[in-house]
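Architecture at a glance
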Amino acid sequence: MLRRIHDKKPLIHHLTNTVTINDCANMTLALGGSPVMAEDLLEVEEMVGLADAVVINTGTINPDMRKAQLLAGKTANRLGKTVILDPVGAGATTLRTDFMKQLMEEITFTVIKGNASEIKTLLGQAARTKGVDVAEGESLDLQSVHAFASQTKQVIVVTGPVDFVTDGVRQRHLDVGTKRLGQVTGTGCMTASLIATFLGAGYDHFDAAVFGTYAMGKAGEAAGDRPGIGSFRTGLFDAVSLMTEESLPEVQMNEQ
């Protein structure tokens, strides 16, 4: 099994999307981590201090959540904790775009994971969104993503038909997954939880981003022939819970 994760059982603190919060918790458990979702301002700093990694997901923001996410991110930076940003819906509204700018200005993230529209917004480029989904035909210059990662020292994950991961030095294309992943709410959110669990277990930042993204894609492939969306969703958890160290891709040797 994924011995490093199962031995440590990293505590992953989520300040996340209320639509997918249960799935994020269960996916963290499936990989061998321990999820917690504590967003009250009176306990955020203390919980970040206990956590091995922090997930900030902007899917369902409100005034209190925005304050909690800023506090959690700043506390994580102060304590040297890994923190991942899932900028759900970035660019969809002025509120979200402005909040993303504030997050990027005030917090240094270990990993940022988003679709093409969301990452373009963070890069200050014009983007088209469809709610929290990427607009059809949206494209992104991956060289600009590579340069952004190099400048900010943050690992960037761009999800799509072929996922792209870069830390500004290394980069990797991951041609895994299935279109059915887009038919289930929260697979992107769950991917952030997987990445955070690898981070919390002490994996290299780039490796963790690759492994977490790859794990969701391979889980989608494993569950892909199940009839019905409900069975497919259950299959994702089953596939992740059964993954082994040997099933992960070679990262250092197969860079692209």
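Residues numbered from 1 in each chain as written. Predicted model: local features only at pLDDT ≥ 70, side-chain atom pairs only at ≥ 80, totals over all residues. Heavy atoms only, no water.

Considering all chains together, one arrives at three aromatic pairs under this definition. Relative to Phe211, the ring of Phe198 has its centre 5.6 Å away and its plane inclined at 55°; by these criteria the two rings are tilted. Residue Phe198 is found in helix α8 (residues 187-200), and its partner Phe211 is found in helix α9 (residues 205-223); the two are separated by 13 residues along the sequence. For the ring pair Tyr203 and Phe211, a centre distance of 5.8 Å and an interplane angle of 90° mean the geometry is edge-to-face. Like Tyr203, the residue Phe211 is buried in the burial classification. Members of the aromatic cluster, joined through ring pairs, are Phe198, Tyr203 and Phe211. (Phe/Tyr/Trp six-rings, centres within 6.5 Å; stacked < 30°, edge-to-face > 60°. Helix = DSSP H or I, 4+ residues; strand = E, 2+ residues; numbered from the N terminus. Buried < 20%, exposed > 50% of the residue type's maximum accessible area, 1.4 Å probe, protein only.)

Here we take up the nonpolar core. Within the largest apolar cluster, 43 residues are counted, with the highest numbers of intra-cluster contacts made by Leu2, Met27, Val111, Val165, Phe198, Tyr203 and Leu236. When contributions to this core are tallied by element, the ones reaching two or more residues are α2 (21-31), β3 (53-57), β8 (155-159), α8, α9 and α10 (229-241). Looking at which element gives the most residues to this core, the answer is α9, with ten residues. For Val165, the residues in contact, after removing those within four places along its chain, are Val155, Ile156, Val157, Arg170, Gln171, Arg172, Leu174, Phe206, Ala209, Val210 and Thr213. Counting 32 residues, the second-largest nonpolar core is a separate cluster that includes Ala72, Leu103, Val145 and Ile156. (Core = buried A, V, L, I, M, F, W, Y, C linked by side-chain atoms within 4.5 Å. Contact = heavy atoms within 4.5 Å.)

Now for the sheet that holds strand β9 (residues 163-166). The eight strands lie next to each other as β2-β1-β3-β4-β5-β8-β9-β10, forming an open sheet whose pairing is mixed. Each edge of the sheet is formed by a strand with only one pairing partner; in this case those strands are β2 (34-36) and β10 (171-174). Neighbour-to-neighbour, the strand axes of the sheet open up by a mean angle of 15°, direction not taken into account. In terms of strand pairing, β9 meets β10 through four bridges, oriented antiparallel. (Pairing = 2+ DSSP bridges. Axes fitted to C-alpha atoms, helices over the stretch in contact; angles between N-to-C directions.)

Here we take up the pattern of salt bridges. Evaluation of the coordinates by the stated rule reveals eleven salt bridges. Asp86 is paired through a salt bridge with Lys113; the nearest N and O atoms lie 3.3 Å apart. Of this pair, Asp86 sits in strand β4 (residues 82-86) while Lys113 sits in strand β5 (residues 111-115), and the two are 27 residues apart along the sequence. No difference in accessibility class separates Asp86 from Lys113, as the two residues are buried. Overlapping salt bridges, with partners in common, bring together Asp167, Arg170, Asp204 and Asp207 in one network. (Salt bridge = Lys/Arg side-chain N within 4 Å of Asp/Glu carboxyl O.)

Low-confidence regions, as indicated by low pLDDT, have predicted coordinates that should not be scrutinised in detail. When the pLDDT values of the protein are averaged, the result is 91; 92% of them are 70 or greater. A low-confidence stretch, residues 131-135 (pLDDT under 50), is modelled with 14 contacts involving residues beyond four sequence positions or located in other chains. (pLDDT = per-residue confidence, 0-100.)

The packing of two helices is summarised by the inter-axis angle and the distance between the axes. As a packed pair, α2 and α10 sit with axes 7 Å apart at the nearest point and diverge in direction by 30°. Classified by the angle between their axes, α2 and α10 sit roughly parallel to one another. Crossing of α2 against α10: the hand is right-handed. Here α2 contributes Asn22, Asp23, Asn26, Met27, Ala30 and Leu31 to the contact with α10, which in turn contributes Arg233, Leu236, Phe237, Val240 and Ser241. Of the residues belonging to the contact of α2 with α10, the class tally is six nonpolar, three polar and two charged. (Parallel < 35°, antiparallel > 145°, perpendicular 65-115°, else oblique. Left-handed = near helix turned anticlockwise from the far one by under 90°. Nonpolar A, V, L, I, M, F, W, Y, C, P; charged D, E, K, R; others polar.)

Consecutive side chains of a regular strand alternate in pointing toward one face of the sheet and then the other. Extensive coverage of strand β1 (residues 11-15) is indicated by the burial of five of its five residues. Because side chains alternate across β1, one face comprises the buried residues Leu11, His13 and Leu15, and the other comprises Ile12 and His14, equally buried. Judged from the three bridges that link them, β1 and β2 form a sheet pairing that is parallel. Each bridged residue has a counterpart across the sheet, and for Leu11 the counterpart in β2 is Ser34. Following the backbone out of β1, through α2 and into the adjacent parallel β2, one traces a crossover that is right-handed. Sheet topology note: the β1/β3 ladder contains four bridges and is parallel. Counterpart to Leu15 in the pairing with β3 is Ile56. (Right-handed = clockwise from strand over helix to strand, strands pointing away.)

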